[in-house]
Structure formats: structure tokens, C-alpha cells
Amino acid sequence: SIEQVRTVIEKLPNLKNAYILGNPDISVDTGFCNVASKEFIKNGKKVMYSTSGYNGKEIIKKLTNGINPDNIEYVSYSVDTLDSNKLKFLKGNPRITLEEIEDAIRLLQRKKY
């Protein structure tokens, strides 16, 4: 909850970066990750994300909505394989493609994240 995020910020005053893992993923609430990121940023922290690339640009747009690129330390991608068939199997999603991951990375670059 956002209250738990505030508690983390309060209990760790020397925290410089918040690392948000596993987003975007079908089990992660991207909207909440965006709100939590803004709370960390409001309190002088930078955010970092690690993502599988699931849903490509659409998730990245939601995740970074309203966040200045200067407040994002980095976005890393965990691409398990460059083999399209293996990628679909490993991610459990027959629709995921390397192209959608590349498109999301290009979007981040264009927007200076």
C-alpha cells in the first residue's frame, strides 16, 4: 500500500533509490508502481525499474506517466532469451515478442529515460 511505501521512506531516511522489480508483469499493478514511484520521488529519491518487457510500450507509458526522466535512475530489461519461441514459453505468453520489448526500449530512449 502507499502507506507502506511512506513507512519505508520514514524508516530509511538515507535511502537514495527505490528499485521496483518485476514490472511490468501480469501479477504487478503498474498503476500502483507509478504512484509509489511518485511518492519516492516526492521524498527526494530516484527510482529504478526492472522489467520483463511484457506489454511493451503500453506498460512503460503507464509506469512512467508524469515522471520526469531525471528522477529515473534506470530501467533494466530481463530478456531471458533472444529465441522468440523460447521467450514465449519462458514468459508464459504466446503473444510476447522481442519487437515489443525493443519498441519499449526505443520509447524510453526517445523520451530521454
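A. Up close: the overall build of the chain. A tally of regular secondary structure across the chain gives five helices and three strands. Counting from the amino terminus, the chain carries its helices and strands in the arrangement α-β-α-β-α-β-α-α. Computed over the C-alpha atoms, the radius of gyration of the chain is 15 Å, within 12% of the 13 Å expected from 2.2 N^0.38 for a compact globule of 113 residues. Projected onto its principal axes, the C-alpha positions of the chain cover 45 × 25 × 20 Å. Counting all 113 residues of the chain, 36% fall into the buried class. Once local pairs closer than 6 in sequence are excluded, the contacts in the chain between residues at least 24 apart make up 77%.

B. Summary view of the pattern of salt bridges. Going through the model one piece at a time under the given rule, you end up with five salt bridges. Note that Lys-42 is salt-bridged to Glu-39, the shortest N-O span being 3.3 Å. Residue Lys-42 and its partner Glu-39 are located together in helix H2 (residues 30-42), separated by three residues, close to a single helical turn. The salt bridge involving Lys-61 is made with Glu-58; its shortest N-O contact spans 3.7 Å. With Lys-61 and Glu-58 both in helix H3 (residues 56-64) and three residues apart, this pair spans about one turn of that helix. Using a relative accessible area of 42% as the deciding quantity, one classes Lys-61 as partly exposed. One network of salt bridges, in which partners are shared, links Glu-3, Arg-6, Glu-39 and Lys-42.

C. View of the sheet that holds strand S1 (residues 17-20). Judged by pairing direction, the sheet is parallel, and its three strands sit side by side in the order S1-S2-S3 without closing on themselves. Where the open sheet ends on each side, the last strands, each with one partner, are S1 and strand S3 (72-77). For this sheet the average axis-to-axis angle between neighbouring strands, irrespective of direction, equals 10 degrees. Both S1 and strand S2 (residues 46-51) contribute to a ladder of four bridges, which runs parallel.

D. Geometry of the pairing of S3. Bridge count between S2 and S3: five bridges; the pairing is parallel. Residue pairing across strands places Ser-50 opposite Ser-76, the latter belonging to S3. Taken together, S2, H3 and S3 form a β-α-β motif whose crossover is right-handed.

E. Just a nonpolar patch on the surface, in detail. On the surface, Tyr-19, Leu-21 and Tyr-74 cluster together into a nonpolar patch covering about 300 Å² of accessible area. Residue Leu-21 is classed as exposed on the basis of its relative accessible area, which comes to 54%.

F. Summary view of H3. Among the residues of H3, those classed as buried are Gly-56, Ile-59, Ile-60, Leu-63 and Thr-64. Seen end-on, H3 carries its buried residues on one side only, within an arc spanning 115 degrees. Once H3 ends, the next one or two residues include Gly-66, with phi positive near 75 degrees.

Each value, and the rule that gives it
- Residues numbered from 1 in each chain as written.
- Predicted model: local features only at pLDDT ≥ 70, side-chain atom pairs only at ≥ 80, totals over all residues.
- Heavy atoms only, no water.
- Helix = DSSP H or I, 4+ residues; strand = E, 2+ residues; numbered from the N terminus.
- Rg over C-alpha atoms; globule rule 2.2 N^0.38 Å.
- Buried < 20%, exposed > 50% of the residue type's maximum accessible area, 1.4 Å probe, protein only.
- Contact = heavy atoms within 4.5 Å.
- Salt bridge = Lys/Arg side-chain N within 4 Å of Asp/Glu carboxyl O.
- Pairing = 2+ DSSP bridges.
- Axes fitted to C-alpha atoms, helices over the stretch in contact; angles between N-to-C directions.
- Right-handed = clockwise from strand over helix to strand, strands pointing away.
- Patch = residues over 30% accessible without salt bridge, like charges linked within 9 Å, V, L, I, M, F, W, Y side chains within 5 Å.
- Areas by Shrake-Rupley, 256 points an atom, 1.4 Å probe, with all protein chains shown as cover.
- Arc of directions from axis to C-beta.

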